[in-house]
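Here is what each chain is made of, one letter per residue.
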Amino acid sequence: MLFRQMFDSASSTYTYLLASRAGGEALVIDPVKEQLGQYLTVIRELGLRLVHAIDTHIHADHITALGDLRDATACATIMGERSKADCISRRVHDNELVIVDGIALRAVYTPGHTNESFSFVLNPTEPTAVFTGDVLLIRGSGRTDFQGGDPRQSYDSIVNKLFSLPDATTLYPAHDYKGWTASSIGEEKNFNPRLAGKTEAEYIEIMNGLHLPNPKMMDAAIPANLACGQPSTPLRRQG
Ligand code: FE
């Protein structure tokens, strides 16, 4: 399998490109608008045909490249069924399969960071990796204080859904701020400081006590992402 993890340093976002082979069909997960050129370069150089661009959720910290990729490649744009974005060509349900040229992803509804977040399990009959968006991060978890976030739902999504995957399943989140690139379900069960040995009540207390500042791009990013990164009015770029 062809697998590329790409990084947007301004928002510490990971984007994933998957294809079964060079010259075949590909899909991308959580692309960032500023990195469009990089995606198009690797797609061209490897002779790929992009057929799906997926966002795990409406991001608040960067603008998505879904709309730009659709315009450039005619790919389908995919989000979970609860997404409020008005530009999505396919809305997946819990447990629905997304299949591209021999690569299978199972969509799993994992609310908590936002109320419309989905994760995607690679090779669902024998899971090898999971793309969690922001609900489960490496040694952390996505904030639960806006966009319909809910610490109780976050705990349920992580402990009852993601932690039911095999321990060896590789975890690929949408962000990392410390230089980690991947983890595993087993590692997070044992070493995630918010979850390992913690009760649901303790997790909720931790999340409710974070008091994080809003993301710098939030006021621009959320409305832009509801239009797949192509708002009808020009964006005022933040310094
Ligand atoms: Fe997020």
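What comes next concerns the included structure. Please read all numbers here as calculations on a predicted model, not as lab measurements. (Residues numbered from 1 in each chain as written. Predicted model: local features only at pLDDT ≥ 70, side-chain atom pairs only at ≥ 80, totals over all residues. Heavy atoms only, no water.)

## Points about the overall build of the chain
- Tallying secondary structure elements over the chain gives six helices and 12 strands in all.
- Here the chain has a C-alpha radius of gyration of 17 Å; the compact-globule value for 239 residues is 18 Å, and the two agree.
- Along the three orthogonal principal directions, the C-alpha set of the chain runs to about 45 × 45 × 30 Å.
- Burial analysis of the chain (239 residues in total) assigns 53% to the buried set.
- Residue pairs in contact within the chain that sit at least 24 positions apart in sequence constitute 61% of those at least 6 positions apart.
- With an accessible surface of roughly 10,400 Å², the chain has 50% of that area assigned to carbon and sulfur atoms. (Helix = DSSP H or I, 4+ residues; strand = E, 2+ residues; numbered from the N terminus. Rg over C-alpha atoms; globule rule 2.2 N^0.38 Å. Buried < 20%, exposed > 50% of the residue type's maximum accessible area, 1.4 Å probe, protein only. Contact = heavy atoms within 4.5 Å. Areas by Shrake-Rupley, 256 points an atom, 1.4 Å probe, with all protein chains shown as cover.)

## A short note on the state of the cysteines
- Scanning the model with the defined rule gives one disulfide in all.
- Sulfur-sulfur distance for the disulfide between Cys-87 and Cys-228 comes to 2.0 Å. Across the S-S bond linking Cys-87 and Cys-228, the dihedral sits near 90°, which makes this disulfide right-handed. Of this pair, Cys-87 sits in the loop between β5 (76-80) and β6 (90-92) while Cys-228 is found in the segment after α6 (218-225), placing the two residues 141 residues apart along the sequence.
- Its sulfur unpaired, Cys-75 is 9.4 Å from the next cysteine sulfur, which belongs to Cys-228.
- On the basis of relative accessible area, Cys-75 is assigned to the buried category, the value being 4%. (Disulfide = S-S within 2.5 Å.)

## As for the coordination of the iron ion
- His-57 (NE2), His-113 (NE2) and Asp-134 (OD) make up the full set of protein donors to the iron ion, lying at 2.0 to 2.3 Å.
- Counting the intervening residues between successive donors of the iron ion yields the motif H-x55-H-x20-D. Taken as a pair, His-57 in the loop between β4 (49-54) and α2 (66-73) and Asp-134 in the loop between β10 (129-133) and α3 (151-161) lie far apart in primary sequence, 77 residues in all.
- Its relative accessible area of 7% is what places Asp-134 among the buried residues. (Donors = N, O, S within 2.8 Å, 3.2 Å for Na, K, Ca; no water.)

## Considerations on the pattern of salt bridges
- What the rule picks out here adds up to nine salt bridges.
- A salt bridge links Arg-70 to Asp-71, with the shortest nitrogen-to-oxygen separation between them at 3.3 Å.
- The exposure class of Arg-70 is partly exposed, given its relative accessible area of 26%.
- Here Asp-167 and Lys-189 are joined by a salt bridge, their closest N and O atoms 2.7 Å apart. (Salt bridge = Lys/Arg side-chain N within 4 Å of Asp/Glu carboxyl O.)

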